[in-house]
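# An overview of the molecular structure
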Amino acid sequence: MARDLPFIDPTAGRSRSRIALAPRPIDLAGKVVGMIDNTKEQADVILKTVAEVLESRYGVARVIIHRKEHYSKLAPHAMIDELAKEVQVAVAALGG
Amino acid sequence: MKVDEFEFFLEKDWSDGFPVVTPTEERVQWMLTGTRRNSDEVVGNIPPAGELATVRTVAIHALMAGCKPEYLPVVLGGISLMLREELNLGGVQCTMHGVAPLMIVNGPYADKIGLRGGNGCFGPGFRANATIGRAIRLMLMNLGGGLAGIASATVFASPIRYTACLTEHVAQSPWESLAASRGHAPGANVITCAMVESPRLHFDDVSTEPERLLTGIGDAMTAPGSWNMWFNSDMVVAMSPQHAKLCAGSGMTRAKAVERLVDLAVRKQGQLRRGGNWRPERARAMGIDPDDDESLIRAVKDPQRLHLIVAGGLGPVTAVCHGWNESSHFVHGTYEV
């Protein structure tokens, strides 16, 4: 790395930690699925339709939809933490 | 094998695609002579990756960009301002759009370091304009992770993402500066920053009175497909001294010119719904009946968000920079020199 070089790594100090991906489920039967509505127009309509299909065709127990403040703003940590507690599968869903 | 530092930096994605000045410890110490601040002082975390910017890391990037030490206070002031929540830098770093944080630097320090407000001020060719804006961009990439294909979903980006920094053409302006119009003292060193697209040039070598001139500029401020039509967002209009003087010569103040542009930058909904980003939901969100073709849609919803400056050289041209969406609000403030 740049440590051995006669110049500075401008990104030095960057956290190198990586978070392992959660195991992917084999199927969705009986699972609680979470989605985030990004507030774009008709996102709520699309996600509600997808939720109905997940429940009727794939045996999903329940779909929980959270709505962000604005599509151009990050989802707040509290919303992500809440989802993590409530659901087994989360989809970063978009509308628009 | 000897490492070629230019190639090394380019291969590491630590540049904007152009060679950078190699940051050696000696050169970084030289750059730090441009500020009295402690090099360990925290400036903030650059979104969305959230890497920490300190005075030292800002200096490293200013150096890489080609700044002189005396530019460092403007780079530090600019990046600090951009981290204010209301500007929503994180959103811009990730958006499909191609806007960039344009810095309009007012006050005596801009003049002292040679920031350009006259002809050619959007670049290229002027070291302060080119490198201060580039230093910001390198930080947004290296510390913020705002790289196309990684955190940034930008469809095109735009040339204004290489650099976006200028001052006003004070010597030729008939009006007070943008900063003074916002209540800053005339001698204050102030940066105004708004998220905008690259400038579109509007030529008018015909008008001899303000109304016709402003009617044309107002039309350039409107367009199907511009987010300004549907959201309360920012817009920068840079009038050449010739155009500004045409207004001022008729007794028009800066505030009056802004007011008139707000009224003239308008389209009927019927024109806008033939193409672009018109949606019934967007009309309704503005309290407008989506079926009423005669409804007037203004490009500027709040006069405070039309940033009218006087810049550029001699000639009959105004540059119009459309904005982003309502999640970002311009910021302005003084900086330490």
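Remember, predicted model here, so these are calculated numbers, not experimental data. (Residues numbered from 1 in each chain as written. Chains lettered and ligands numbered in written order. Predicted model: local features only at pLDDT ≥ 70, side-chain atom pairs only at ≥ 80, totals over all residues.)

Here we take up the overall build of chain A. A count of helical and extended segments in chain A gives 2 helices and 3 strands. N-terminal to C-terminal, the α/β element order of chain A is β-α-β-α-β. Counting only residues that meet the buried cut, chain A has 12% of its 96 residues in that class. Considering only intrachain contacts with a sequence separation of at least 6, the fraction spanning at least 24 residues in chain A is 76%. (Helix = DSSP H or I, 4+ residues; strand = E, 2+ residues; numbered from the N terminus. Buried ≥ 20, exposed ≤ 12 C-beta atoms within 10 Å, placed from the backbone. Contact = placed C-beta atoms within 7 Å.)

What follows deals with the overall build of chain B. For chain B, the helix and strand inventory stands at 13 helices and 12 strands. A globule of 337 residues ought to have a C-alpha radius of gyration of about 20 Å, and chain B, at 20 Å, matches this closely. With the principal axes as the frame, chain B shows a C-alpha extent of 70 × 45 × 30 Å. Expressed as a percentage of its 337 residues, the buried residues of chain B come to 50%. Contacts spanning at least 24 positions in sequence make up 82% of the contacts within chain B whose residues lie at least 6 apart. (Rg over C-alpha atoms; globule rule 2.2 N^0.38 Å.)

Residue and element names in this part refer to chain B. Interaxial distance between helix H4 (residues 72-82) and helix H7 (residues 127-142) falls to 9 Å at its minimum, and their mutual angle equals 45°. The angle between H4 and H7 falls in the class oblique. When you trace H4 past H7, the crossing you get is right-handed. Seen from H4, the contacting residues are Val74, Val75, Gly78 and Ile79; seen from H7, they are Ile132, Ala135, Ile136 and Met139. Residues belonging to the contact of H4 with H7 are distributed by class as follows: 7 nonpolar, 1 polar and no charged. (Axes fitted to C-alpha atoms, helices over the stretch in contact; angles between N-to-C directions. Parallel < 35°, antiparallel > 145°, perpendicular 65-115°, else oblique. Left-handed = near helix turned anticlockwise from the far one by under 90°. Nonpolar A, V, L, I, M, F, W, Y, C, P; charged D, E, K, R; others polar.)

Residues and elements named next belong to chain B. For strand S3 (residues 100-106), the tally of buried residues reaches 7 of 7 residues, placing the bulk of the element in the interior. Judged from the 3 bridges that link them, S3 and strand S4 (residues 165-167) form a sheet pairing that is parallel. Its bridge partner lying in S4, Met103 is registered against Cys165. (Pairing = 2+ DSSP bridges.)

Moving on, we get to the confidence of the model for chain B. Averaged over all residues, the pLDDT of chain B equals 96, while 100% of them reach at least 70. This prediction of the complex comes with two scores: 0.94 for pTM and 0.81 for ipTM. (pLDDT = per-residue confidence, 0-100.)

Before going further, it helps to examine the nonpolar core. Judged by nonpolar contacts, the single largest core of 99 residues is most densely connected at Ala62, Val75, Leu102, Met139, Val237 and Leu261 of chain B. It is H7 of chain B that provides the largest number of residues to this core, a total of 8 residues. Those residues in contact with Leu261 of chain B, other than ones at most four positions away along the chain, are Leu214, Ile217, Gly218, Met221, Val237 and Leu306 of chain B. The next biggest cluster of nonpolar side chains, apart from the first, holds 8 residues, and it includes Val33, Met35, Leu47 and Val63 of chain A. (Core = buried A, V, L, I, M, F, W, Y, C linked by C-beta atoms within 7 Å.)

All names here are of chain B. Inspection of the sheet shows strand S1 (residues 42-46) paired to strand S2 (residues 51-54) by 4 bridges, in the antiparallel sense. By the bridge assignment, Asn45 is partnered in S2 with Leu52. Where S1 folds back onto S2 in an antiparallel hairpin, the turn is made up of 4 residues, including Gly50, whose phi is positive at roughly 80°.

In this assembly, 23 residues from chain B lie in contact with 13 residues from chain A. Of all the secondary-structure elements, those providing two or more residues to the side of chain B that touches chain A are helix H2 (25-32), S2, helix H3 (55-65) and helix H5 (89-94) of chain B. Broken down by element, the side of chain B that touches chain A gets its largest block of residues, 3 residues, from H3 of chain B. A class-by-class count of the residues in the side of chain B that touches chain A yields 8 nonpolar, 10 polar and 5 charged.

Glycine aside, a negative phi is what most residues show, and trans is what most peptide bonds show. All names here are of chain B. Geometrically, the link from Pro47 to Pro48 is a cis peptide bond, its omega value of 0° lying close to zero. With respect to the helices, strands and loops of the structure, Pro48 is situated in the loop between S1 and S2. Residues Gly123 and Pro124 are joined by a peptide bond in cis, for which omega reads 5°. Tracing the sequence through the fold places Pro124 in the loop between helix H6 (108-112) and H7. A positive phi angle, close to 60°, is found at Asp13, a residue other than glycine. Under the C-beta neighbour-count criterion, Asp13 is labelled partly exposed, with 13 such atoms within 10 Å.

This brings us to the sheet that holds strand S7 (residues 235-239) of chain B. All names here are of chain B. Spatially, the 4 strands line up as an open sheet ordered S6-S11-S7-S10, and their pairing is mixed. The sheet terminates laterally at strand S6 (200-203) and strand S10 (306-310), the two strands that pair on one side only. Along the sheet, successive strands turn relative to each other by an average axial angle of 20°, direction set aside. In this sheet, strand S11 (residues 317-321) lies alongside S7 in antiparallel orientation, the contact comprising 4 bridges. Bridging across to S11, Val237 finds its partner in Val320.

Looking now at the confidence of the model for chain A. For chain A, per-residue confidence averages 86 on the pLDDT scale, and 85% of positions sit at 70 or higher. Per-residue pLDDT, averaged within each element of chain A, yields its smallest value for strand S3 (residues 89-91) of chain A (88) and its largest for strand S2 (residues 62-67) of chain A (94).

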